[in-house]
Amino acid sequence: MIEIRVVGPEDWRAWRSVRLAALAGAPEAYRTRLAEWQGDGDREHRWRARLNTPGAQDLLALHHGEPVGMASGVPGPEDTAAKVISMWVDPSARGLGVGDLLLTTLERWAAECGYTTLRLGVFTDNEPAIALYRRNGFEFDAGSGERAERVQRADLDPDHRVEVVMAKAVTPFRA
């Protein structure tokens, strides 16, 4: 059974465990590097602060009580859009619907917050993630900022990989 749990600063140890596993197990999926969250970067106050972002919703996916996935929804730079960040599912839990449940939960959160769009960034070579997002109704964002973001992010990435934006329309409602 898969359970999706909303977490906060008090859950920093569980979040830390999953986030470090994500950065170690799939470094190619993230701009953030494992080394940034280890050593001097591995501080309780930093993990708590990450889970205390105003207006955000942080999720852990549990399979038989063990954390196997994570995702966050954060307010975007525009009032009408939220962003999905830190998405990851442990390889042992892939194919169980964990990613779908995380995205569905974040879509519900975005709708309850009144957002009309949910966006995320994904590297163009991350085909499994793109397939997951497409299956959940995300499409490549044809917005005017996409080309500029592609160029800017490609220039910033030391491997010169290209990150694109995918988006999904959300029907807002207040719970």
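Counting restarts for each chain: residues are numbered from 1 in the order of the written sequence. Reporting of local features is limited, given that this is a predicted model, to residues whose pLDDT is at least 70; pairs of side-chain atoms are given and counted only at 80 or more, and all residues count toward the totals for whole chains, interfaces and linings. To get the side-chain values, all heavy atoms of the structure are used, and hydrogens and water are removed first.

### As for the packing of aromatic side chains
Two aromatic rings are characterised by how far apart their centres lie and by the angle between their planes. Our working definition: Any two of the Phe, Tyr and Trp rings considered here, Trp counted by its six-membered ring, make a pair once their centres fall within 6.5 Å; the pair's planes then place it as stacked at under 30 degrees, edge-to-face at over 60, or tilted in between. By definition, any uninterrupted DSSP run of H or I lasting at least four residues is a helix, any uninterrupted run of E lasting at least two residues is a strand, and each is numbered from the N terminus. Three exposure classes are used, based on accessible area relative to the maximum for each residue type with a 1.4 Å probe and protein chains only: buried under 20%, partly exposed in between, and exposed over 50%. The criterion for a charge sitting over a ring is simple: Lys NZ or Arg CZ within 6 Å of the ring centre, and within 35 degrees of the ring normal.
Within the structure shown, the criterion is met by 3 aromatic pairs. Residues tryptophan 37 and tryptophan 47 carry aromatic rings whose centres are separated by 4.4 Å and whose planes lie at 40° to one another, so their mutual orientation is tilted. Remark: tryptophan 47 occurs in helix H2 (residues 44-50) and tryptophan 37 occurs in the loop between helix H1 (12-25) and H2; sequence separation between them is 10 residues. Residue class for tryptophan 47 comes out buried when judged on its relative accessible area of 1%. Centroid distance tryptophan 109 to tyrosine 115: 5.7 Å. Interplanar angle 45°. Geometry classified as tilted. The pair tryptophan 109 / tyrosine 115 is uniform in exposure class, with both members buried. The ring of tryptophan 37 has arginine 46 lying over it, and the distance from NZ or CZ to the ring centre is 3.6 Å.

### Points about unusual backbone geometry
Positive phi outside glycine occurs at histidine 64, with the angle close to 55°. The exposure class of histidine 64 is exposed, given its relative accessible area of 62%. Residue serine 86 is not a glycine yet carries a positive backbone phi of 60°. Take serine 86: it is sitting in strand E4 (residues 81-89).

### Let's talk about the pattern of salt bridges
Heads up, the rule is: We define a salt bridge as a side-chain nitrogen of Lys or Arg found within 4 Å of a carboxyl oxygen belonging to Asp or Glu.
Inspection of the entire model under this criterion finds 11 salt bridges. Of the charged contacts, one joins aspartate 42 and arginine 16 as a salt bridge, the two residues approaching to 2.5 Å between their closest N and O atoms. With aspartate 42 in the loop between H1 and H2 and arginine 16 in helix H1, the pair connects residues that are 26 residues apart, well separated along the chain. Judged by its relative accessible area of 27%, arginine 16 is partly exposed. A salt bridge links arginine 31 to glutamate 163; its shortest N-O distance comes to 3.2 Å. Of this pair, arginine 31 sits in the loop between H1 and H2 while glutamate 163 sits in strand E7 (residues 163-169), placing them 132 residues apart in sequence. A relative accessible area of 31% means that arginine 31 is categorised as partly exposed. In this structure, a network of salt bridges that share partners links the residues Glu78, Arg119 and Asp141.

### Description of helix H3 (residues 98-112)
This is how it is decided: In this scheme, a helix's expected span is set at 1.5 Å multiplied by one less than its residue total. Contacts are assigned to residue pairs with any non-hydrogen atoms lying within 4.5 Å of each other.
Helix length check: H3 (15 residues) gives 21 Å between terminal C-alpha atoms against 21 Å at 1.5 Å per residue, within 8%. Along H3, the residues classified as buried are Val98, Gly99, Leu102, Leu103, Thr105, Leu106, Trp109, Ala110 and Ala111. Of the surrounding secondary structure, the elements contacted by the buried residues of H3 are strand E1 (2-7), strand E2 (57-63), strand E3 (66-75), E4, strand E5 (117-123) and helix H4 (127-135). One or two residues past the end of H3 sits glycine 114, with phi positive at roughly 90°.

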